[in-house]
Amino acid sequence: MNAELDCIYELPVTASYLNQHSQLKPYAYQVLFEQMAERHLFKLNLNVDETTKYGLAWALISMSVEVVSPIEKSMMLYGNTWHSQRKGPYFRRELLFKDAAGQVIFKGTTHSVILDMEKRSVFRKREVPFAMHEPTELFVLDASPGFKMDAELAPVSERTVQASQIDCVGHVNNCRYGEFVYDVFTAEEQTKLNRLKRMDIHFLSELRVGDEFSIRKGYEDDRILFQGYNKTKGDVSFNIAMSFNE
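Here is a short report on the structure shown in this document. (Residues numbered from 1 in each chain as written. Predicted model: local features only at pLDDT ≥ 70, side-chain atom pairs only at ≥ 80, totals over all residues. Heavy atoms only, no water.)

1. Some details on the pattern of salt bridges
In this structure the tally under the stated criterion is 14 salt bridges. For Glu179, the salt bridge goes to Arg176, with nearest N and O atoms at 3.2 Å. With Glu179 and Arg176 both in helix α3 (residues 174-182) and 3 residues apart, this pair spans about one turn of that helix. Residue classification places Glu179 among the partly exposed positions, given a relative accessible area of 25%. Close ionic contact of Lys217 with Glu189 constitutes a salt bridge, the shortest N to O distance being 2.8 Å. A residue pair is termed long-range when its members are at least 10 positions apart, and Lys217 in strand β9 (residues 212-220) and Glu189 in helix α4 (residues 187-190) qualify at 28 residues. On the basis of relative accessibility, which here comes to 9%, the residue Lys217 falls in the buried class. Its relative accessible area of 10% is what places Glu189 among the buried residues. (Salt bridge = Lys/Arg side-chain N within 4 Å of Asp/Glu carboxyl O. Helix = DSSP H or I, 4+ residues; strand = E, 2+ residues; numbered from the N terminus. Buried < 20%, exposed > 50% of the residue type's maximum accessible area, 1.4 Å probe, protein only.)

Here is the structure:
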């Protein structure tokens, strides 16, 4: 038996995750991912309290979500997650969420690196200083740790990073990026979240307190594209692509 695959977690979808149309907000997928991953890492003694003993922390590089059945009400989800691959500095993890009847509601993949908190750089040694399970190469979707944003985008919002948006690693928590882009959805786009098919988020550069950044937005076929551009540092912080069913 696989020790990771055997772990099942109950995760409630609460009213705060739903918008005024009773449709799941995009960043709620991130929150549910994070909640399950954190509980699982705690069980494996790989949570932030353990890794910081070595001056290290997990840093999310990408997240891909595929929606199988739209969530349009409060409900209980049952999830499991497992380490599926390591390539170079990238650690891949699969996440699967089902309802009480065992139907898959949504699934996804994350890629993470280990961050040296003092140097603010990627830890690249082959051997890590804490125990990890061997990967189970069972993948739930096609995903990669990065993609190119070639579409034409226009700035639609200007923001400044606030202290409340900073997490224990010292940068904007990844779930906040989904909130930032949802704030620039049009009223019509907010009614179509039950048609969300896939969401890909790629984190390129840290946002830290006081940084000024712009949200850029564009359209390509069935996708809405977003980019966070850090005006303080002069670089791209994140790219997000959301595709929708007709």
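2. A word on the environment of Asp200
Tracing the chain through its elements places Asp200 in strand β8 (residues 196-203). Under the relative-accessibility criterion, Asp200 is labelled buried at 15%. Spatially, the C-alpha atoms of Asp200 and Glu66 are 8.9 Å apart, while their sequence positions differ by 134 residues. Among the polar contacts made by the side chain of Asp200, one reaches the side chain of Arg198 at a distance of 2.9 Å. (Polar contact = N/O pair within 3.5 Å; in protein donor to acceptor, adjacent residues only side chain to side chain.)

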